[in-house]
Amino acid sequence: WHMAVYCPMAHMVWGGGLIYKYGVWDFAGGMVVHMSSGWGALAAALFLGPRAQQSNDGPANPPYVMLGASLLWFGWFGFNGG
């Protein structure tokens, strides 16, 4: 994955490649990471195709939603706050 996807993306952004020639500057490396994960997610979604069976179970469990949101918030706050 590193050699086939990440390195070409990094060259396109930092090494004088296509995106660099458009005048885009990426100082922290987020563009390369998010582009490679986005293209990887698109390839996986196209490979897997639509769901075989749709479920109509209703809404999600509210306590689990609150737990997940609070864990995400706490982790993101700790990551950005240091």
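Residues numbered from 1 in each chain as written. Predicted model: local features only at pLDDT ≥ 70, side-chain atom pairs only at ≥ 80, totals over all residues. Heavy atoms only, no water.

## Structural notes on the overall build of the chain
Now for step 1: For the chain, the count of helices and strands is four helices and zero strands.
Now for step 2: Secondary structure elements of the chain, listed N to C terminal, follow the sequence α-α-α-α.
Now for step 3: A compact globule built from 82 residues should have a C-alpha radius of gyration of about 12 Å, whereas the chain, at 19 Å, is more than 25% larger.
Now for step 4: Its C-alpha atoms put the chain at 50 × 40 × 20 Å along the principal axes.
Now for step 5: The proportion of buried residues among the 82 residues of the chain is 15%.
Now for step 6: Here the chain displays about 7100 Å² of accessible surface, and carbon together with sulfur accounts for 71% of that area. (Helix = DSSP H or I, 4+ residues; strand = E, 2+ residues; numbered from the N terminus. Rg over C-alpha atoms; globule rule 2.2 N^0.38 Å. Buried < 20%, exposed > 50% of the residue type's maximum accessible area, 1.4 Å probe, protein only. Areas by Shrake-Rupley, 256 points an atom, 1.4 Å probe, with all protein chains shown as cover.)

## Thoughts on the confidence of the model for the chain
Now for step 1: Chain-level statistics for the chain give a pLDDT mean of 87 and a share of 99% at 70 or above.
Now for step 2: Helix α1 (residues 2-14) is the least confidently modelled element of the chain, averaging 87 in pLDDT, while helix α3 (residues 30-48) averages 91, the highest of any element. (pLDDT = per-residue confidence, 0-100.)

## Quick look at the packing of aromatic side chains
Now for step 1: Under the counting rule described, the total for this entry stands at two aromatic pairs.
Now for step 2: With a centroid separation of 5.4 Å and 10° between ring planes, the pair formed by tryptophan 73 and phenylalanine 77 is classed as stacked. Taken as a pair, tryptophan 73 and phenylalanine 77 lie in helix α4 (residues 62-81) at a separation of four residues, close to a single helical turn.
Now for step 3: Assessed through its relative accessible area of 57%, tryptophan 73 is described here as exposed.
Now for step 4: Overall, the relative accessible area of 54% leaves phenylalanine 77 in the exposed class. (Phe/Tyr/Trp six-rings, centres within 6.5 Å; stacked < 30°, edge-to-face > 60°.)

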